[in-house]
Protein chains: 2
Amino acid sequence: MKQYFPRTYGQPLAHFLRTAAINVPEARIITEYPTIRVGIVFSGRQSPGGHNVVWGLYDALKVHDRKNTLFGFVGGTEGLFAQKAMEITEDVLSTYKNQGGYDMLGRTIDQITTAEQVKAVLATCVALNLDGLVIIGGVPSNTDAAQLAETFAEAKCKTKIVGVPVSSNGDLKNQFVETDVGFDTICKVNSQLISNVCVDAMSAEKYYYFVRIMGRQVSHVALECALQSRPNMVIFGEEVASSKLTLLDITKQISNAVQARAEQGKYYGVVLIPEGLVQSIPELYALLKEINGLYKQGVSVDNISTKLSPWASALFEFLPLYMRKEMLLFPESDEAAQLSQIELEKLLSQLVETEINKRMNEGRYKGRKFNAICHFFGYQARGSLPSKFDCDYAYVLGHISCHILASGLNGYIATVTNLKNPINKWRCGAAPLTAMMSVKRSSHGPGTGPLGRPTIHPSPVDLKGKAYELLREDVLGILMNDEYRNPGPIQFEGHGSDEKPMTLCVEDQDYMGRMKELQECINKVKSMVKPGCSQAVLKAALSSMTSVTDVLSILTAPSSPQSYF
Amino acid sequence: MKQYFPRTYGQPLAHFLRTAAINVPEARIITEYPTIRVGIVFSGRQSPGGHNVVWGLYDALKVHDRKNTLFGFVGGTEGLFAQKAMEITEDVLSTYKNQGGYDMLGRTIDQITTAEQVKAVLATCVALNLDGLVIIGGVPSNTDAAQLAETFAEAKCKTKIVGVPVSSNGDLKNQFVETDVGFDTICKVNSQLISNVCVDAMSAEKYYYFVRIMGRQVSHVALECALQSRPNMVIFGEEVASSKLTLLDITKQISNAVQARAEQGKYYGVVLIPEGLVQSIPELYALLKEINGLYKQGVSVDNISTKLSPWASALFEFLPLYMRKEMLLFPESDEAAQLSQIELEKLLSQLVETEINKRMNEGRYKGRKFNAICHFFGYQARGSLPSKFDCDYAYVLGHISCHILASGLNGYIATVTNLKNPINKWRCGAAPLTAMMSVKRSSHGPGTGPLGRPTIHPSPVDLKGKAYELLREDVLGILMNDEYRNPGPIQFEGHGSDEKPMTLCVEDQDYMGRMKELQECINKVKSMVKPGCSQAVLKAALSSMTSVTDVLSILTAPSSPQSYF
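Within each chain, residue numbers correspond to sequence positions counted from 1 in written order. Chain labels run from A onward and ligand labels from 1 onward, assigned in the order the entries are written. Note on the predicted model: pLDDT of at least 70 is required for a residue's local features to be given, and 80 or more for side-chain atom pairs to be given and counted; whole-chain, interface and lining totals, by contrast, use all residues. Heavy atoms throughout the structure, all of them, feed into the side-chain values; hydrogens and water do not.

By the naming in an unreviewed UniProt entry, chain A goes by Pyrophosphate--fructose 6-phosphate 1-phosphotransferase subunit alpha and is assigned to Zostera marina. The Cofactor (unreviewed entry) comment attached to chain A in UniProt states, word for word, "Mg(2+)". Here chain A is described in UniProt, under the heading Subcellular location (unreviewed entry), as follows: "Cytoplasm". UniProt positions are given in the numbering used here, feature names are shortened, and annotations may be inferred rather than shown by experiment.

Asker: Which residues make up the pattern of salt bridges, and what are the values?
Answerer: For this document, the term salt bridge refers to a Lys or Arg side-chain nitrogen within 4 Å of an Asp or Glu carboxyl oxygen. A complete count under the given rule lists 38 salt bridges over all chains for this structure. The salt bridge partner of B:Lys188 is B:Asp184, with a shortest N-O separation of 3.0 Å. Residue B:Lys188 and its partner B:Asp184 are located together in helix α6 (residues 183–204), separated by four residues, close to a single helical turn. No difference in accessibility class separates B:Lys188 from B:Asp184, as the two residues are buried. Residue B:Glu483 is joined to B:Arg230 by a salt bridge in which the shortest nitrogen-to-oxygen separation is 3.0 Å. In this pair, B:Glu483 sits in the loop between α18 (475–481) and α19 (502–506) while B:Arg230 sits in the loop between α7 (220–229) and β8 (233–234), placing the two residues 253 residues apart along the sequence. When salt bridges that share partners are traced, they join A:Arg230, A:Asp474 and A:Glu483 into one network. Secondary structure elements follow DSSP: runs of H or I no shorter than four residues count as helices, runs of E no shorter than two count as strands, and numbering proceeds from the N terminus. Under the scheme applied here, a residue whose accessible area is under 20% of the maximum for its type counts as buried, over 50% as exposed, and between as partly exposed, the area being computed with a 1.4 Å probe on protein chains only.

Asker: Give a detailed account of the nonpolar core, specifying residues and quantitative values.
Answerer: What is meant by a nonpolar core is a set of buried Ala, Val, Leu, Ile, Met, Phe, Trp, Tyr and Cys residues, joined one to another through side-chain atoms within 4.5 Å. Core analysis: the biggest nonpolar cluster contains 78 residues, and A:Tyr209, A:Ile213, B:Tyr209, B:Val211, B:Ile213 and B:Leu272 have the highest contact counts within it. Contacts between residues were defined by any pair of non-hydrogen atoms, one from each residue, lying within 4.5 Å. If we ignore the near neighbours within four places in the chain, the residues touching A:Tyr209 are A:Val197, A:Asp200, A:Ala201, A:Gly269, A:Val270, A:Val271, A:Ile373, A:His375, B:Tyr379 and B:Arg382.

Asker: Hey, could you go over the domain arrangement of chain A for me, with residue numbers and the actual values?
Answerer: All names here are of chain A. Throughout, the edges of the domains are those of an automatic or database domain assignment. When the domains of chain A are assigned, the result is domain 1 (36–180 + 386–438), domain 2 (183–275 + 345–383 + 461–505), domain 3 (277–341) and domain 4 (511–550). Inter-centroid distance (C-alpha atoms) of domain 1 to domain 4 is 39 Å. Between domain 1 and domain 4, the residue contacts involve six residues of the former and four residues of the latter. A simple way to read buried area is as the amount of 1.4 Å-probe accessible surface that goes missing from two parts once joined, with both sides added. Of the roughly 430 Å² buried between domain 1 and domain 4 on both sides combined, carbon and sulfur atoms contribute 71%. When the buried area of domain 1 at its contact with domain 4 is split by residue, Gln175, Phe176 and Arg427 rank highest and sum to 71% of it. Counting across the domain 1 and domain 4 interface gives zero salt bridges. Polar contact is defined as a pair of N or O atoms within 3.5 Å, subject to the rule that within protein one atom must be able to donate a hydrogen and the other to accept it, and that residues adjacent in sequence are counted only when both atoms are side-chain atoms. Where domain 1 packs against domain 4, one counts zero residue pairs in polar contact (both at pLDDT 80 or more). Mapped onto the side of domain 1 that touches domain 4, the elements with two or more residues apiece are β11 (412–417) and β12 (427–432). Amino acids are sorted into nonpolar (Ala, Val, Leu, Ile, Met, Phe, Trp, Tyr, Cys and Pro), charged (Asp, Glu, Lys and Arg) and polar (every other residue, Gly among them). Among the residues making up the side of domain 1 that touches domain 4, the classes are represented as two nonpolar, three polar and one charged.

Asker: Account for the relation of the copies chain B and chain A, naming residues and giving values.
Answerer: In this comparison the copies share one frame, found by least squares on the C-alpha atoms of residues holding pLDDT of at least 70 in both. For the pair chain B and chain A, the best superposition has an RMSD of 0.2 Å and corresponds to a rotation of 180° with a translation of 0.1 Å parallel to the axis. Read as a symmetry element, the transformation amounts to a two-fold axis. Both copies present the same face, since 100% of the interface residues in chain B are matched by interface residues at the equivalent positions in chain A.

Asker: Can you lay out the packing of aromatic side chains for me, pointing to particular residues and giving the numbers?
Answerer: Pairing of aromatic rings covers Phe, Tyr and Trp, the last counted by its six-membered ring, and requires centre-to-centre distances within 6.5 Å; plane angles under 30 degrees mean stacked, over 60 mean edge-to-face, and any other angle means tilted. Considering all chains together, one arrives at 26 aromatic pairs over all chains under this definition. Between the aromatic rings of A:Tyr393 and A:Trp426, the centroid separation amounts to 6.3 Å while the plane-to-plane angle is 80°, which identifies the pairing as edge-to-face. Pair noted here: A:Tyr393 is in helix α16 (residues 388–406) and A:Trp426 is in the loop between β11 and β12, with a separation of 33 residues, a long-range link. In our convention, an over-ring charge means Lys NZ or Arg CZ found within 6 Å of a ring centre and within 35 degrees of that ring's normal. Directly above the ring of B:Phe376 sits B:Arg212, whose terminal nitrogen or CZ lies 4.0 Å from the centroid. Looking at B:Arg261, its charged tip hangs above the ring of B:Tyr268, at a distance of 5.0 Å from the centre.

Asker: Give a detailed account of the sheet that holds strand β9 (residues 269–274) of chain B, specifying residues and quantitative values.
Answerer: Residues and elements named next belong to chain B. Any two strands are treated as partners once DSSP identifies two or more bridges connecting them. Ordered by their spatial adjacency, four strands build an open sheet running β8-β9-β7-β10, and the pairing between neighbours is parallel. Two strands bound the open sheet, and with one partner strand each, they are β8 and β10 (372–377). Where β8 and β9 come together, two bridges link them in parallel fashion. Each residue of the ladder has a partner; that of Met233, found in β9, is Val271. Under this scheme, a helix contributes an axis fitted over its contacting stretch, all axes are lines through C-alpha atoms, and angles between N-to-C directions fall in the 0 to 180 degree range. α7 contacts β7 (208–213), β8 and β9 of the sheet and is inclined by roughly 155° relative to β9.

Asker: Can you break down helix α5 (residues 139–154) of chain A residue by residue, with the values?
Answerer: Residue and element names in this part refer to chain A. A helix's residues, less one, multiplied by 1.5 Å, set its expected span. End to end, α5 covers 23 Å across 16 residues, agreeing with the expected 22 Å (1.5 Å per residue, within 8%). Here the buried face of α5 lies against α4 (115–127), β5 (132–137), β6 (160–165), β11, β13 (437–438) and β14 (455–456). Once α5 ends, the next one or two residues include Lys156, with phi positive near 55°.

Asker: Mind laying out the packing of helix α6 (residues 183–204) of chain A against helix α7 (residues 220–229) of chain A, listing which residues take part and the relevant values?
Answerer: Residues and elements named next belong to chain A. Remark: α6 packs on α7, axes separated minimally by 9 Å, with the N-to-C direction vectors making an angle of 50°. With respect to α7, the axis of α6 lies oblique. Along this stretch, α6 crosses α7, giving a crossing that reads as right-handed. Together, Phe183, Ile186, Cys187, Asn190, Ser191, Ile194, Ser195 and Cys198 of α6 and His220, Val221, Glu224, Cys225, Gln228 and Ser229 of α7 make up the contact between the two elements. Class assignment for the residues of the contact of α6 with α7 results in seven nonpolar, six polar and one charged. If an angle is under 35 degrees, it is roughly parallel; if it is over 145, roughly antiparallel; if it lies from 65 to 115, roughly perpendicular; otherwise it is oblique. For any helix crossing, the convention is left-handed if the near helix is rotated counterclockwise from the far helix by under a right angle, and right-handed if that rotation is clockwise.

Asker: How would you explain the environment of B:Gly494 if you had to name every residue and give the values?
Answerer: Counting through the fold element by element, B:Gly494 comes out in the loop between α18 and α19. The partly exposed category is assigned to B:Gly494, whose relative accessible area is 42%.

Asker: Tell me about the interface of chain B and chain A, and name the residues and values.
Answerer: When the parts come together, some accessible area is lost, and that loss is often what is quoted as the size of the interface. With 42 residues of chain B at the interface, the matching set in chain A holds 42 residues. Summed over both sides, the interface between chain B and chain A buries roughly 3,300 Å², with carbon and sulfur atoms accounting for 50% of that surface. When the buried area of chain B at its contact with chain A is split by residue, B:Ser203, B:Tyr379 and B:Gln380 rank highest and sum to 18% of it. In this assembly, chain B and chain A are joined by two salt bridges.

Asker: Before we move on, could you go through the pairing of β12(A) and cite the residues and values that matter?
Answerer: All names here are of chain A. Sheet analysis places strand β1 (residues 14–16) next to β12, joined by three bridges and oriented antiparallel. Paired with Ala14 across the two strands is Ala430, which belongs to β12. Pairing of β11 with β12, which is carried by six bridges, proceeds in the antiparallel orientation. When the bridges of β12 are listed, Ala414 appears paired with Ala430.

Written out as structure tokens, the structure is:
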């Protein structure tokens with residue numbers, strides 16, 4: 001890491017506190033805020049709440065100095081490269097406060113990766129004489145932000161880089177970032193719709209709904225929605241990858257569930273399928289990888305099917321026509337397949353239908369015909385009005401971005417921890433982007449980025465985590481007894497308007513809080529064991545601390561089963 | 001009409017008033033409510049608010065007499081035929097108040113049509129000794145209710161039949177019924193999602209969304225959603241039918257719009273397509289009719305394509321594979337095609353893509369490539385929690401059903417008029433079902449039922465109505481300037497929770513109110529021109545009244561351009 005980020009790796013965490021609340025000796029009290037010029041850009045896919053980051057940053061800048069200036073780049077990263085900026089004013093903001101989408105400024109791709117792109121950004125920041133550049137985006141954008149920070153530091157450019165975690169997939173999630181702006185809204189809209197089809201299924205009692213939902217490679221949206229709506233089944237990509245389930249295994253699993261329900265006279269249900277699942281099913285993943293490899297070799301789309309290995313070719317021919325076409329779509333900028341276009345829910349429902357019909361002919365299934373209706377819930381959630389939680393969270397992150405710049409920090413991401421508690425208990429901070437990066441050894445399964453260089457990786461659903469356990473502890477009840485739950489539409493006033501993501505609330509994530517507590521512990525030991533203390537106290541301290549370091553050495557040894565997080 | 005309904009045609013309208021508010025001589029004051037037994041059934045597709053009709057009826061029955069009993073038929077009409085009933089109690093109701101779906105009782109088909117079915121219902125009503133049967137449903141169910149009422153009267157069965165207008169398509173709409181229970185909710189959920197994709201389109205600036213929405217043969221849902229969200233284009237089936245636009249015409253119309261927007265640098269937009277449109281496009285309608293005819297002759301699905309007329313066969317071969325399969329699906333119970341399954345949005349987006357590519361090759365279109373994403377918004381709205389308006393409206397209709405039965409009326413539909421005003425101004429009434437029936441001469445275009453016998457017809461969007469005009473008066477602004485409107489999700493408290501359908505609020509529908517006013521006018525004339533009045537007054541009255549009847553004779557003559565409504 002040090003080799004890739006010599007200037008920005010190893011920086012400390014930052015906590016922002018009210019002056020009155022400061023009780024640590026290392027604290028720096030910022031009293032002077034020089035007049036600054038800041039740029040802000042939407043990088044990549046729109047996510048509800050993005051506008052409020054701009055609003056929060058604008059308000060914070062103007063509170064400190066009316067002469068501070070905020071520029072928004074028009075057309076996202078392309079605008080950033082082309083120096084297309086507009087000054088953000090109260091007037092510009094007025095109709096975008098608490099509104100969804102990125103239409104105040106627009107957006108293009110989520111890449112600031114090539115040498116040319118980085119050079120263009122540097123030129124823009126110099127031309128506009130920017131003190132700071134705030135990048136609003138998800139996993140790839142924040143990786144790029146880390147690289148920019150390093151390059152700028154090397155080039156002795158005064159512009160400091162700040163990342164803000166905004167992504168509707170919930171995959172930028174680690175010790176420092178509890179959740180992304182937009183995730184709550186996306187899950188609420190999708191849960192509303194999933195609950196609606198649950199109610200619909202239960203009323204008509206004649207269809208299975210196969211619902212595919214957005215969320216890119218990982219299944220956070222599916223997990224949160226499953227907790228909110230409790231549909232009969234969810235197939236998590238992370239489970240499939242860890243158990244190496246094949247298409248046939250999954251088909252059998254769903255068919256068994258359909259059969260078990262039929263035996264209780266139930267011919268309906270709801271099956272939830274994260275769009276990333278296709279990349280977790282080993283054989284489909286291998287096929288996608290071959291296709292991707294052939295594209296890289298310059299093979300044209302019309303010739304790919306003839307150049308596949310015999311094994312992949314056989315699978316390809318097995319797939320229905322629509323699926324073949326979708327598998328052949330050109331990969332996205334992050335090398336992933338075009339997940340939103342691949343109708344896995346349709347394939348699975350057809351495979352289950354075939355399996356059930358087969359069982360029926362063999363006399364093993366004695367129920368009514370299997371009927372499925374497929375749905376893809378994607379773009380209809382992404383442009384939603386943000387939930388109250390996302391509005392607040394985004395606005396606060398905008399404020400924090402201003403404080404990061406005022407502190408002169410470079411290459412940091414704005415963070416709020418303790419999010420599950422009321423806003424007045426939220427803790428504002430910042431973490432160096434490089435602290436969230438790692439180099440992956442394997443690229444298989446969900447939540448993998450490019451190999452080789454350090455990147456922030458999309459964090460997969462933790463199969464040992466509390467949220468997943470909460471769902472799985474009643475897996476049979478949920479499957480058989482229609483324990484559907486209906487959170488209803490997003491509310492802005494009254495009952496339900498303060499609801500937060502369940503996954504956020506059950507998880508025990510206060511990493512930064514504990515880090516701070518540990519620091520306080522260490523300070524306490526230091527102050528209790530000062531020169532002049534008794535021999536006995538010193539001996540006791542030394543013996544205890546040695547045992548602590550021994551334990552930690554064992555836990556952090558490379559062979560340890562504990563992984564990066 | 002008289003011939004088909006000798007016992008139930010020609011009955012008067014009924015108005016329900018508080019005793020204190022009664023000022024008309026004909027009013028009957030009901031003071032005694034005999035103990036009654038009532039059955040209630042969900043007939044056909046679930047619609048948000050259905051449960052509240054049951055709740056309202058239950059409360060009204062129990063308020064008058066704790067010994068009144070309400071039975072719900074389990075499994076909808078099938079349960080009604082099979083005498084599967086459960087007593088509705090406070091306990092049964094408790095978890096279904098203000099909830100969507102029909103899952104408290106379930107539902108099956110919306111048909112009580114065949115002689116056998118009618119006989120079965122009669123047997124059930126006799127077996128359970130019912131004084132009344134309340135049928136919750138849309139256009140077909142209320143037609144069936146009228147038939148049942150006549151048959152029961154003929155059979156001297158004591159059970160009185162009451163219909164309640166519940167249908168998410170908004171197509172049971174006429175002088176007596178201002179809107180259906182569920183329509184408001186369905187439109188709100190769909191508008192929320194359409195607005196979301198509008199915001200999404202405007203943020204990414206690279207896709208056209210082609211959104212097909214439910215609504216059966218007519219376009220009421222599309223009209224309301226278009227007013228709520230103002231997407232760039234809507235193709236109303238009623239317009240297409242009245243102008244006889246072909247598939248090619250519609251393709252050109254959309255392509256022209258795409259081109260005009262491209263000339264302004266806009267490569268995105270939202271096109272709304274009501275699912276019923278396919279039956280309004282003349283050539284597709286003709287093809288569907290041929291297919292339906294062949295099914296009726298007993299031709300199997302595999303042979304239909306070979307038996308088509310040369311013209312229909314050419315069209316069939318022109319259609320993409322998925323569309324052919326969908327056109328061949330077996331017609332629904334009302335002889336309509338399986339509208340929810342026919343992906344017209346996909347076909348139109350592909351035809352537009354082909355057209356734009358052609359123009360590009362010919363140098364007539366000079367913009368970027370046309371990109372479309374298709375969505376079908378259907379089942380995800382139908383199971384929604386009902387809006388406050390639908391909750392209230394349904395509950396009141398339930399109450400009215402009880403009053404209809406207490407008045408001893410048979411073959412009536414429960415009505416509430418003046419809905420656009422606050423609840424304390426709502427007017428409760430009942431209209432004979434036969435007053436809403438007619439015999440159609442032509443079966444072409446949207447909003448047609450079977451020929452020959454009197455039925456209630458789905459009411460099409462009125463192209464001369466105020467709601468349609470309101471949308472069309474700014475058609476160019478909506479198309480070109482992205483005047484998107486975002487109503488947001490359904491709210492249950494605070495701002496927006498009292499919103500009603502726009503189509504309801506702009507239309508001037510108070511037919512029953514005017515009928516009552518006219519009655520009052522006539523009463524006034526009668527009381528002013530009593531024996532003993534002066535010759536001058538009598539002469540003036542006679543001359544004025546003669547002129548009134550003259551005008552009315554002209555207006556109601558058969559050759560008049562004024563049609564049934």
